[in-house]
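One letter stands for each residue in the lines below.
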Amino acid sequence: MTDFSFELLGADGGARRGRVTCAHGVIQTPAFMPVGTAATVKAMLPENVAATGAEIILGNTYHLMLRPGAERIARLGGLHAFMNWPGPILTDSGGYQVMSLSELRKLDENGVTFRSHIDGSYHTLTPERSMEIQHQLGSDITMCFDECPPYPSEKADVARATQLSMRWAARSRAAFVNRPGYGLFGINQGGVHEDLREQSAQALKEIGFDGYAIGGLAVGEGRALMFSTLDFTTLMLPTDKPRYLMGVGKPEDLVGAVARGVDMFDCVLPTRSGRTAQAFTRRGPVNLKNARHGDDPRPLDDHCSCPTCRNYSRAYLNHVVKAGEIIAAMLLTWHNLQYYQDLMADIRRAIESGTFAAFEADFQSQYGQGDI
Ligand SMILES: Nc1nc2cc3nc(NCCc4ccc(CCO)cc4)[nH]c3cc2c(=O)[nH]1
Ligand SMILES: [Zn+2]
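The sections below set out a description of the structure shown in this document. (Residues numbered from 1 in each chain as written. Chains lettered and ligands numbered in written order. Predicted model: local features only at pLDDT ≥ 70, side-chain atom pairs only at ≥ 80, totals over all residues. Heavy atoms only, no water.)

**Focus: the overall build of the chain**
Thought 1: What the chain contains, in helices and strands, is 15 helices and 16 strands.
Thought 2: Its C-alpha atoms give the chain a radius of gyration of 20 Å, within 12% of the compact-globule value 21 Å for 372 residues.
Thought 3: Taking the principal axes of the C-alpha coordinates as reference, the chain spans close to 60 × 45 × 45 Å.
Thought 4: A burial count over the chain gives 56% of its 372 residues as buried.
Thought 5: Taking the contacts inside the chain whose residues are at least 6 apart along the sequence as the reference set, 66% of them involve residues at least 24 apart.
Thought 6: With an accessible surface of roughly 14,800 Å², the chain has 52% of that area assigned to carbon and sulfur atoms.
Thought 7: Averaging the positions of the 36 positive and the 41 negative side-chain charges in the chain gives two centres separated by 4 Å. (Helix = DSSP H or I, 4+ residues; strand = E, 2+ residues; numbered from the N terminus. Rg over C-alpha atoms; globule rule 2.2 N^0.38 Å. Buried < 20%, exposed > 50% of the residue type's maximum accessible area, 1.4 Å probe, protein only. Contact = heavy atoms within 4.5 Å. Areas by Shrake-Rupley, 256 points an atom, 1.4 Å probe, with all protein chains shown as cover. Lys, Arg positive; Asp, Glu negative; His and termini not counted. Charge placed at Lys NZ, Arg CZ, Asp CG, Glu CD.)

Written out as structure tokens, the structure reads:
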């Protein structure tokens, strides 16, 4: 079995081109991970997710522990077999989802106790339990158990949450089952504060991880503050390990974060938008509910090779969206995931050819022009 590894293949300014090797395959970076929260990338068959070019997907400890249960998935052969996704899977550790989805009961040094948003039953997550669940799922990349402070927060509370998260990172590392091909990522915290980010980066590097995520962002701070925080945070992290910006983001966020040294991303935006009639195109987002599409025979994006753009008109998409047809979610999700993967492929090619700065300028001039 090959070891978990990251190869830095090249760089262009702050942008990096790399390759992650793990048990279930190889991931070209910069990479975007479609979100498969409840063991499904919503409205997509796994083979069609792969057809978009996605090489790795994200799963969630929080959702799968509540339903159908981590032990049950383990008995059925693990998450890859269960959901029929043969490629790499990264799982988030649950802390962020507890805070954003459940009725929190208690957070203390040991972990969090909460009520399920599904049936109100009580559950506890600790670093040790989160590691056990992600092991039972069979994740290629396990995330440390952390606390993501909300935005805005008093600096003192960000400091408290950051220091707790670093103690939990050490407990996560100690509880993680080391296997060739399987990696554990630390999660840098510190809000928008350079000194707290530095303390967190030092603590994580002393423990030692296979990759370093940047947490605590995409929590409402806005793009400018996210980018200014990235400007100093990525430089604190090891250059020879993958850097993963959690929960990001819009196409403009991806391009700007790659420019600042980020290698991996995940976001629910392309899939959630696919279910709410929003489509991404190289000229910006398009709302298919808009009546102006009702007679438009053109495809969504004539540069896109996805089945939606090859076989359907905007008029048809407008119709099935307004009719609330299931095919609307299928076609728009497929297109959005293809758009995100094509954007990442274009980014990787631009870094390889040393033209990323021109790519970023061209992207910004075209995107957001509004749809014709
Ligand atoms: N373990 C851990 N996980 C995280 C997940 C995150 N996800 C985000 N942001 C997602 C924001 C987000 C939420 C919804 C939509 C679609 C509708 O607009 C898009 C983005 N920030 C995040 C921070 C953390 C973090 O520190 N630690
Ligand atoms: Zn398309």
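We are not done yet, so read on.
**Observations concerning the packing of aromatic side chains**
Thought 1: In this structure the tally under the stated criterion is 11 aromatic pairs.
Thought 2: Both rings, one in Phe32 and one in Tyr340, keep their centres 4.7 Å apart while their planes meet at 55 degrees; by these two values the pair is tilted. Linking Phe32 in strand β4 (residues 31–33) with Tyr340 in helix α14 (residues 326–352), this pair joins segments that are 308 residues apart in sequence.
Thought 3: On the basis of an interplanar angle of 90 degrees and a centroid distance of 6.1 Å, the ring pair of Phe209 and Tyr212 is categorised as edge-to-face.
Thought 4: Overall, Phe209 belongs to the buried group, its relative accessible area being 4%.
Thought 5: Take Tyr212: its relative accessible area is 3%, and that puts it in the buried class.
Thought 6: An aromatic cluster is defined as three or more aromatic residues linked by ring pairs; in this entry it consists of Phe32, Phe280, Tyr339 and Tyr340. (Phe/Tyr/Trp six-rings, centres within 6.5 Å; stacked < 30°, edge-to-face > 60°.)

**Remarks on the environment of Leu8**
Thought 1: As for its position among the elements, Leu8 is in strand β1 (residues 5–12).
Thought 2: The contacts of Leu8, once residues within four sequence positions are left out, are Arg16, Arg17, Gly18 and Thr239.

**Here we look at the layout of surface pockets**
Thought 1: Roughly 730 Å³ of volume is contained in the largest pocket.
Thought 2: Lining of the largest pocket is provided by 32 residues; of these, Tyr96, Gln97, Asp266, Val268 and Arg272 occupy positions nearest its centre.
Thought 3: With 4 residues, the single largest contributor to the lining of the largest pocket is helix α5 (residues 95–101).
Thought 4: Its residues assigned to classes, the lining of the largest pocket comprises 12 nonpolar, 12 polar and 8 charged.
Thought 5: Its boundaries defined by the atoms lining it, the second largest pocket holds a volume of some 340 Å³.
Thought 6: Contributing to the lining of the second largest pocket are 15 residues, with Arg282, Tyr339, Asp342, Leu343 and Asp346 lying nearest its centre.
Thought 7: Its residues placed into classes, the lining of the second largest pocket shows 6 nonpolar, 4 polar and 5 charged. (1 Å grid on protein atoms, 1.4 Å probe; cavity = no way out; pocket = protein on both sides within 12 Å on 5 of 7 lines; lining within 4 Å. Points joined across faces, edges and corners; volume = space filled by probe spheres on them. Nonpolar A, V, L, I, M, F, W, Y, C, P; charged D, E, K, R; others polar.)

**Looking at the site of ligand 1**
Thought 1: Surveying the vicinity of ligand 1 reveals 16 residues, the closest of which are Asp92, Asp146, Gly216, Leu217 and Ala218.
Thought 2: Here Gln189 contributes a side-chain N or O atom positioned 3.0 Å from an oxygen atom of ligand 1.
Thought 3: A total of 600 Å² of accessible area belongs to ligand 1 in isolation, and the protein chains cover 77% of it.
Thought 4: In this structure, ligand 1 is accommodated by the largest pocket.
Thought 5: Looking at side-chain class alone, the shell around ligand 1 contains 8 nonpolar, 5 polar and 3 charged residues. (Near = heavy atom within 4 Å. Polar contact = N/O pair within 3.5 Å; in protein donor to acceptor, adjacent residues only side chain to side chain. Sits in = over half its atoms within 2 Å of the grid points.)

**Description of the state of the cysteines**
Thought 1: Under the defined criterion, the tally for this structure stands at 0 disulfides.
Thought 2: Sulfur of Cys148: no disulfide; nearest cysteine sulfur belongs to Cys267 and is 14 Å away.
Thought 3: Cys148 gets classed as buried once you look at its relative accessible area, which sits at 10%. (Disulfide = S-S within 2.5 Å.)

**Overview of the pairing of strand β2 (residues 15–22)**
Thought 1: For β2, the buried fraction is high: 7 of the 8 residues fall into the buried class.
Thought 2: With 7 bridges joining them, β1 and β2 adopt antiparallel strand pairing. Paired with Ala11 across the strands is Arg16, a residue of β2.
Thought 3: Two successive antiparallel strands, β1 and β2, enclose a turn made up of 2 residues, where Gly13 displays a positive phi of approximately 70 degrees.
Thought 4: Inspection of the sheet shows β2 paired to strand β3 (residues 25–29) by 5 bridges, in the antiparallel sense. Residue pairing in the sheet places Thr21 in a bridge with Val26 of β3. (Pairing = 2+ DSSP bridges.)

**Topic: the coordination of the zinc ion (ligand 2)**
Thought 1: Taken together, the protein ligands of the zinc ion (ligand 2) are Cys304 (SG), Cys306 (SG), Cys309 (SG) and His335 (ND1), with distances of 2.1 to 2.3 Å.
Thought 2: Here the zinc ion (ligand 2) is ringed by 4 donor atoms whose angles at the metal span 99 to 114 degrees, and the overall shape comes out tetrahedral.
Thought 3: Judged by its relative accessible area of 0%, His335 is buried. (Donors = N, O, S within 2.8 Å, 3.2 Å for Na, K, Ca; no water. Tetrahedral: all angles 85-135°; square planar, octahedral: opposite > 155°, others 65-115°.)

**Some remarks on the environment of Ala51**
Thought 1: Within the secondary structure, Ala51 is located in helix α1 (residues 46–51).
Thought 2: For the pair Ala51 and His293, spaced 242 residues apart in sequence, the C-alpha to C-alpha distance is 27 Å.
Thought 3: Beyond its immediate sequence surroundings of up to four residues, Ala51 is in contact with Trp334 and Gln338.

**Description of the sheet that holds β2**
Thought 1: The strand order across the open sheet formed by 3 strands is β1-β2-β3, and the pairing between neighbours is antiparallel. Pairing within the sheet leaves two strands with one partner each, and these edge strands are β1 and β3. Between one strand axis and the next, the sheet turns through 10 degrees on average, direction left out of account. (Axes fitted to C-alpha atoms, helices over the stretch in contact; angles between N-to-C directions.)

These results come straight from atomic positions and should not be treated as a statement about function.
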